[in-house]
Amino acid sequence: MTTPALLPLSGRRLPPLNLGASAFPHHRATLRLSEKFILLLILSAFITLCFGAFFFLPDSSKHKRFDLGLEDVLIPHVDTSKGGKNLGGFLIHGQGHDEHRHREEEERLRNKIRADHEKALEEAKEKLKKSRDEIQAEIQTEKNKVVQELKKKDSKPLPPVPLPNLIGINSGEPADPDIREKRNKVKEMMKHAWDNYRQYGWGHNELKPIARKGHSTNIFGNSQMGATIVDALDTLYIMGLHDEFREGQEWIDKNLDFSVNSEVSVFEVNIRFIGGLLAAYYLSGQEVFKIKAVQLAGKLLPAFNTPTGIPWAMVNLKSGVGRNWGWASAGSSILAEFGTLHMEFVHLSYLTGDPVYYNKVMHIRKLLQKMDRPNGLYPNYLNPRTGRWGQHHTSVGGLGDSFYEYLLKAWLMSDKMDTEARKMYDDAIEAIEKHLIRKSNGGLTFIGEWKNGHLERKMGHLTCFAGGMFALGADGSRDDKAGHYLQLGAEIAHTCHESYDRTTLKLGPEAFKFDGGVEAVAVRQNEKYYILRPEVIETYWYMWRFTHDPKYRQWGWEATQAIDKYCRVSGGFSGVKDVYSSSPTYDDVQQSFFLAETLKYLYLLFSNDDLLPLDNWVFNTEAHPLPVLHLANTTLSGNPAYR
Ligand code: DMJ
């Protein structure tokens, strides 16, 4: 008989199948692939049953050996005098009686198999009477059941902990109509960015606003993890875009899955995903965010399995295998990456009661404290196998930046109890001021980069965040130099504003020089781009909070207008390739940090200070606000700051 799977294909729909003897020839011409597949399944079930019968029906010889009654015993010697038989050295008693019983037993088993077999065929026939859609629906229901079961297993409730003081999450409406209008403009820009991502890139990590499709980079691995959704949540929340927030929450609940064979950046996933999920949890109180953050954190932990405990830059979420970036000096991990985990990991331990996260980051801190620092500076590269520094490059911009930020913020987040972190910050900043911070001929204060004993007079856009950091760290500084650090913050803000103001588009380049007559201007073509970065606006906002000097709002508004004019396209917002060109080309990427940071800082700049007050909230390096953990609310052991 020709098996159904080999029959010719047909576009026609099958009438209900009769699986009697003549059934197959009759429907030969009308069978479609899906029906053939089902028939094949039935046949394989049938064959499996036959196999089962073959292997599991008691083989009579074996049966004699194993299915012995209590009265049957194996005796290891020959004694034929009692009517027994000698079988290879063992004597079996009661042979005649047993043969009868075994025959009965075999018969009983055969009948049972026959009955099971018929039942299975009946069920299969019933199934085949159903339409294809019905069968598909049943399969889907079964699948959903399994998924739900797995989800339940994965979503064990976490132990309840007292929530920190969550104030100032729903306010900030400015009384001044002009400022309100500016704030509304920023909100409108957020809506434009979100709506287009929603329409063209939903579920992808980022959006290509010109091509109108999803976009991703290697920091997120090769799977669609909805980076923009997670990164944008808290901005949506504080702007009162609640429908959009709920859409994002729903996507996360149903689709955000970390059991993927994907190699991601530990740092980026921590600051954007864990930071974003934790902030969304604290703001909204929705458990799903906390649960997802904890699940994801568990997937990052294998990255710490190195000889020193300094984590790899990347980890495969499924296999847990880690490695470092190929471009990093001598196989090193990067200071700004392994040094930017503290805030999120302390919160994870706080929320779960599990010290594992806290221990990981404290271990890194202890290790760094023990190491010699050339000129008191932290090099950007550290080898996780040997525990030795790589190249002696130090930067407050790329590769170094948020390490310093997190020392300060660890102290702030602990309600200023973590004095060890504050001391490390103060020491590091003193060395940076001494070796990296200079004034240009034109009087602009800049932060250069230290390369093997030589100061490169170049500052990155990323470095501009430091103005805000100096201002934030002014209060509580060593020798009460608060005024000095606030002044330093103001000078950096001014320099970074100049880097914007000296361009055609009034948007800042990626890096700018202070050398050979050039001041705050990019020289190399590949440093002239602007990719919607937040750091300059971040500094404006901190300076505004600490000084209320209206120039910071003015500068923030200039940047808002420039972004809206030159980066806005009908499909969202795009970076531009040359800020000195009057007809710039787009890079066609809407970065997730544009929604997480740039637009959030602008919105806060035009809000009252009672929205996310800095006494209660500390922003992670991706602008995700995490509450200060006041002493009474903490449950951690090990560090006096958390006892
Ligand atoms: C953000 O992802 C974070 O601010 C990070 O610390 C470095 N900079 C990017 C955006 O420019």
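Rules used throughout
- Residue indices begin from 1 for each chain and proceed along its sequence in written order.
- With the structure being a predicted model, the display of local features is reserved for residues of pLDDT at least 70 and the display and counting of side-chain atom pairs for 80 or more, all residues being used for whole-chain, interface and lining totals.
- No hydrogens and no water enter the side-chain calculation; it runs on all heavy atoms of the structure.
- UniProt positions are given in the numbering used here, feature names are shortened, and annotations may be inferred rather than shown by experiment.
- For helices the rule is a DSSP run of H or I covering at least 4 residues; for strands it is a run of E covering at least 2, with both sets numbered from the N terminus onward.
- The classification of residues rests on relative accessible area computed with a 1.4 Å probe and restricted to protein chains. Under 20% of the type maximum is buried, over 50% is exposed, and intermediate values are partly exposed.
- A 3.5 Å cut-off defines polar contacts: any pair of N or O atoms within that distance qualifies, except that in protein one atom must be a possible hydrogen donor and the other a possible acceptor, and neighbouring residues in sequence count only when both atoms are side-chain atoms.
- A pair of strands is labelled paired if DSSP reports no fewer than 2 bridges between them.
- Neighbouring residues are identified by heavy atoms, a residue being near a molecule or strand if any of them is within 4 Å of it.
- Here the Shrake-Rupley method, with its probe set to 1.4 Å, supplies the accessible areas, and only the displayed protein chains count as covering residues.
- A pocket here means an open set of points on a 1 Å grid, computed over the protein atoms alone, that has protein on both sides within 12 Å along at least five of seven lines. A cavity is instead a set of points where a 1.4 Å probe fits but cannot get out; residues with an atom within 4 Å of a point line either one.
- A molecule is said to be in a cavity or pocket once over half of its atoms fall within 2 Å of that pocket's grid points.
- In this classification, the charged set is Asp, Glu, Lys and Arg, the nonpolar set is Ala, Val, Leu, Ile, Met, Phe, Trp, Tyr, Cys and Pro, and all remaining amino acids, among them Gly, are polar.
- Here, axes are lines fitted to C-alpha atoms. For helices the fit covers the stretch in contact, and angles between N-to-C directions go from 0 to 180 degrees.
- Grid points are joined across faces, edges and corners, and a volume is the space filled by probe spheres set on the points.
- Take the buried residues of types Ala, Val, Leu, Ile, Met, Phe, Trp, Tyr and Cys, join any two whose side-chain atoms come within 4.5 Å, and each joined set is a nonpolar core.
- Throughout, a residue-residue contact means that at least one pair of heavy atoms, one from each residue, lies within 4.5 Å.

What to know about the UniProt feature "binding site: Ca(2+)" (unreviewed entry) in the protein chain
Then step 1. In this numbering, the UniProt entry assigns the feature "binding site: Ca(2+)" (unreviewed entry) to Thr-621.
Then step 2. The topology assignment puts Thr-621 in the loop between strand E20 (617–619) and strand E21 (625–627).
Then step 3. Residue classification places Thr-621 among the buried positions, given a relative accessible area of 15%.
Then step 4. Within the structure, Thr-621 has its side chain in polar contact with the side chain of Glu-405 (distance 2.9 Å).

Focus on the pairing of strand E16 (residues 511–515)
Then step 1. Within E16, 4 of the 5 residues are buried, which leaves it mostly tucked inside the rest of the structure.
Then step 2. Looking at chain direction, strand E15 (residues 458–460) and E16 are connected through 3 bridges and run antiparallel. By the bridge assignment for E16, Lys-458 is matched with Lys-513.
Then step 3. Hairpin connection of E16 to strand E17 (residues 518–521): 2 residues between the antiparallel strands, including Gly-516 at a positive phi of 50 degrees.

So, the site of the ligand
Then step 1. Every residue close to the ligand is listed here: Ile-271, Arg-272, Leu-462, Arg-533, Pro-534, Glu-535, Phe-593, Glu-597, Thr-621 and Glu-622.
Then step 2. Residue Glu-535 places a side-chain N or O atom 2.6 Å away from an oxygen atom belonging to the ligand.
Then step 3. Between Glu-622 and the ligand, the recorded distance is 2.6 Å, taken from a side-chain N or O atom to an oxygen atom.
Then step 4. For the ligand, the accessible surface in isolation is 290 Å², of which the surrounding protein chains cover 91%.
Then step 5. Under a 2 Å grid-point criterion requiring more than half of the atoms, the pocket assigned to the ligand is the largest pocket.
Then step 6. Contributions of two or more residues to the shell around the ligand are made by helix H9 (266–284) and helix H20 (592–605).
Then step 7. Among the residues making up the shell around the ligand, the classes are represented as 4 nonpolar, 1 polar and 5 charged.

Quick word on the sheet that holds E17
Then step 1. Spatial strand order, E15-E16-E17: 3 strands in an open sheet with antiparallel pairing. Every interior strand has two partners, whereas the edge strands, E15 and E17, have only one. Strand-to-strand twist across the sheet, computed as the mean angle between neighbouring axes with direction ignored, equals 15 degrees.

Things to note about empty space enclosed by the protein
Then step 1. Counting across every chain of the model gives 7 cavities of 30 Å³ or more.
Then step 2. Looking at the largest cavity, its volume works out to about 140 Å³.
Then step 3. Listed by contribution, the elements that provide at least two residues to the lining of the largest cavity are helix H13 (356–370) and helix H14 (401–413).
Then step 4. Its residues assigned to classes, the lining of the largest cavity shows 10 nonpolar, 3 polar and 1 charged.

Focus: the nonpolar core
Then step 1. Residues Phe-470 and Ile-563 are the most contacted members of the largest nonpolar core, which totals 164 residues.
Then step 2. If we ignore the near neighbours within four places in the chain, the residues touching Ile-563 are Met-189, Leu-507, Tyr-530, Leu-532, Ile-537, Arg-568, Phe-573, Phe-594 and Thr-598.

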